[in-house]
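# Report on the structure
Given next are the chains, with one letter for each unit.
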Amino acid sequence: MTGTLTVIGLGPGDPRYWTAAASEALAAASDLVGYGPYLDRVPERAGLTRHPSDNRVEGDRARHALDLAATGRAVAVVSGGDPGVFAMAAAVFEALEEARPGWHGVGVTIEPGITAMLAAAARLGAPLGADFCALSLSDNLKPWHVVTSRLRAVLAADLVVALYNPVSRARPWQLGAALALAAEIKPAETLVAFARAVGRPDESVAVMTLPEAVDRAPYADMATLVLVGATATRRVTGADGASHLYTPRRVGRQP
Ligand code: SAH
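The structure contained in this document is the topic of the report that follows. This one's a predicted model, so the numbers in the text were calculated from it and none came from an experiment.

## So, unusual backbone geometry
One non-glycine residue with positive phi stands out, namely D158, at about 60°. Relative to the helices and strands, D158 resides in the loop between α6 (144-156) and β8 (160-164). Its identity as a non-glycine residue notwithstanding, N165 has a phi of 50°, on the positive side. Looking at the element boundaries, N165 is found in the loop between β8 and α7 (174-185). On the basis of relative accessibility, which here comes to 33%, the residue N165 falls in the partly exposed class.

And the structure:
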């Protein structure tokens, strides 16, 4: 008897950001697999077995989830944000490439969630209103020179850039180096946002210029998403006096 494996995005924090489909998939699960703090977001209920794991063992976690599903369980793997953005969905497919015979017949489904970049953008205004891209600054799975060459290319293309995984305990200097590189390429007026723990009780959001962001880099942490604006990204004051960050959709003078 083969089971199922569903990889579910829990959004940035607040359960009100779960999709209805994610809630249904969680309600149908017999087993919950994931990083401990994400599992803690899902309420206990009878018939739901939890399998917490450490954050840095994604491959082991994916294989464990597939092994469980192969015994006939309805396994839900939970991720923060969207499971396909720098997260478990790709880890499950990486494991599937090993194609272990016991996994034959296990069906995999992905349930999307609101990724940190979108939650942060909504808090700030509309900074992703024109072309943008997302980069992970983590050099756990790719060499640092690849990170910097991609960053150079997207900054030179004047895209808005969302920087995921800006720092961790093992990687304290990468964000400072990335912002120093941005400061070489972009004008000093370029706006940068630090959005921390969006959707959680300790949420904080700040907008500053690029030189200020370089100074602030040491204070970012693992729960921070950094957005580097394009040249056109600017502040607009609302009718109520509130300040919003946005990127106009129009580029140049099209008819
Ligand atoms: N799958 C997740 C991203 C995993 S990578 C998603 O789609 O959001 C982890 C990084 O995501 C963190 O280092 C941080 O840069 C960002 N992040 C995750 N949750 C966040 C939140 N609530 N607020 C701000 N950034 C967050």
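## Points about the site of the ligand
The full set close to the ligand counts 20 residues, and D82, V85, T115, M222 and T224 are the nearest of them. Burial of the ligand by the surrounding chains reaches 92%, relative to a free accessible area of 540 Å². Counted by class, the shell around the ligand contains 13 nonpolar, five polar and two charged residues.

## Observations regarding the sheet that holds strand β1 (residues 4-9)
For sheets, the rule is that strands pair by backbone hydrogen bonds, running either parallel or antiparallel. Strand order across the open sheet formed by five strands is β3-β2-β4-β1-β5, with parallel pairing between neighbours. The open sheet has two edge strands, β3 (49-53) and β5 (107-111), and neither has a second partner. The sheet shows a mean angle of 20° between the axes of neighbouring strands, taken without regard to direction. Looking at chain direction, strand β2 (residues 31-35) and strand β4 (residues 74-79) are connected through three bridges and run parallel. Residue D31 lies in a different strand from β4, and its bridge partner there is V75. Across the face of the sheet, helix α1 (residues 20-28) comes into contact with β1, β2, β4 and β5 while running at roughly 140° to β1. Running at roughly 175° to β2, helix α3 (residues 58-70) makes contact with β1, β2, β3 and β4 of the sheet.

## Some thoughts on the packing of α3 against helix α4 (residues 88-96)
At their nearest, the axes of α3 and α4 sit 8 Å apart, and the two run at 70° to each other. Considering the angle they form, α3 stands roughly perpendicular to α4. Of the two possible hands of crossing, α3 and α4 adopt the one that is right-handed. Judged by residue contacts, E58, R61, A62, R63 and L66 of α3 engage M88, A91, V92, A95 and L96 from α4.

Conventions adopted
Residues numbered from 1 in each chain as written. Predicted model: local features only at pLDDT ≥ 70, side-chain atom pairs only at ≥ 80, totals over all residues. Heavy atoms only, no water. Helix = DSSP H or I, 4+ residues; strand = E, 2+ residues; numbered from the N terminus. Buried < 20%, exposed > 50% of the residue type's maximum accessible area, 1.4 Å probe, protein only. Near = heavy atom within 4 Å. Areas by Shrake-Rupley, 256 points an atom, 1.4 Å probe, with all protein chains shown as cover. Nonpolar A, V, L, I, M, F, W, Y, C, P; charged D, E, K, R; others polar. Pairing = 2+ DSSP bridges. Axes fitted to C-alpha atoms, helices over the stretch in contact; angles between N-to-C directions. Contact = heavy atoms within 4.5 Å. Parallel < 35°, antiparallel > 145°, perpendicular 65-115°, else oblique. Left-handed = near helix turned anticlockwise from the far one by under 90°.

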